[in-house]
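Here's the letter readout for the chains.
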Amino acid sequence: MARDKDYRNTEYCPILDKVEEQKQVLEKEIKSESARTKIVYNKVNNRDSVYHKKFARIYNNKCAYCGALWGLLPVESFEIDHFINAASFPDTTEGRAEAGRMNNLAWSCISCNRGKRGITIKSPYNDLLNVDNGNIARVFSRDKDYYIRICDTYQDDKFIQQFYESLHLGYETRRLDYLGLQLEGKYQAEKDEKRKHKLGESLSILLKKRNRIAVTDRSLL
């Protein structure tokens, strides 16, 4: 299954589990504790709120699009994304409520969120690129050098190409984020203190390189 080969995960990453159900549970919690809530987005988007942290945990604290980890990257590097962008909805209270409903939200790094902001996702791509049920892992994959690539089936699809390019999924930083995940997993699993120390040093060097590259393109921070 695609979820077993999810390009967003290394061998050390847990797979996404019942994301849609977990989001429904969180939405019910929010509305039970704040009955007047009309726009759920406003509740989970507040970085100081417990809902923000609970929402991130549903996605294993990883960007739903590229797999970058909150923990290797700072909290400021992540946002709540509207899967169907807000511009696709009427600029009214009802429109903002519809755009900000729980099942239209995803945990995203700033780079992916802001890169896709101007993209309007319509059928059949709203299903094809679904980040919650693993469908997106049928569209993109990792190559042997750990870069994210478009799968052969969609190589000639203009919309998929636009999505891929707008989110910078082919950039070097995406590869380094993945290698960072791999090193972090090895570090956590390692029992030998000397090897653990070496892994920690390697991870630190990799993250510094990643951040130097990102500084040259502010959209990747």
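Scroll up for the structure.
Notes on the structure in this doc start here. (Residues numbered from 1 in each chain as written. Predicted model: local features only at pLDDT ≥ 70, side-chain atom pairs only at ≥ 80, totals over all residues. Heavy atoms only, no water.)

**What to know about the overall build of the protein chain**
- Scanning the protein chain from N- to C-terminus turns up nine helices and four strands.
- Its C-alpha atoms give the protein chain a radius of gyration of 18 Å, within 12% of the compact-globule value 17 Å for 221 residues.
- With the principal axes as the frame, the protein chain shows a C-alpha extent of 55 × 45 × 35 Å.
- Counting only contacts in the protein chain whose residues sit at least 6 apart along the sequence, the fraction spanning at least 24 positions is 68%.
- Per element, the accessible surface of the protein chain, about 11,900 Å² overall, is 49% carbon and sulfur.
- The average position of the 39 basic charges and that of the 32 acidic charges among the side chains of the protein chain differ by 3 Å. (Helix = DSSP H or I, 4+ residues; strand = E, 2+ residues; numbered from the N terminus. Rg over C-alpha atoms; globule rule 2.2 N^0.38 Å. Contact = heavy atoms within 4.5 Å. Areas by Shrake-Rupley, 256 points an atom, 1.4 Å probe, with all protein chains shown as cover. Lys, Arg positive; Asp, Glu negative; His and termini not counted. Charge placed at Lys NZ, Arg CZ, Asp CG, Glu CD.)

**Some details on the packing of aromatic side chains**
- Considering all chains together, one arrives at nine aromatic pairs under this definition.
- A centroid spacing of 6.0 Å and a plane angle of 75° characterise the contact between Y7 and F140, whose relative ring orientation is edge-to-face. Here the residue Y7 occupies a position in the segment before α1 (19-33), and F140 occupies one in strand β3 (residues 140-142), the gap between them amounting to 133 residues. When sorted by exposure, Y7 lands in the same class as F140, which is buried. (Phe/Tyr/Trp six-rings, centres within 6.5 Å; stacked < 30°, edge-to-face > 60°. Buried < 20%, exposed > 50% of the residue type's maximum accessible area, 1.4 Å probe, protein only.)

**A look at the packing of α1 against helix α3 (residues 50-58)**
- Two elements in contact, α1 and α3, have axes separated by 10 Å at closest approach and are oriented at 170°. For the element pair α1 / α3, the angle class is roughly antiparallel. For the pair α1 and α3, the contacting residues are V19, Q22, K23, L26, E29, I30 and E33 in the first and Y51, K54, F55 and I58 in the second.
- For the contact of α1 with α3, the residue count by class is six nonpolar, one polar and four charged. (Axes fitted to C-alpha atoms, helices over the stretch in contact; angles between N-to-C directions. Parallel < 35°, antiparallel > 145°, perpendicular 65-115°, else oblique. Nonpolar A, V, L, I, M, F, W, Y, C, P; charged D, E, K, R; others polar.)

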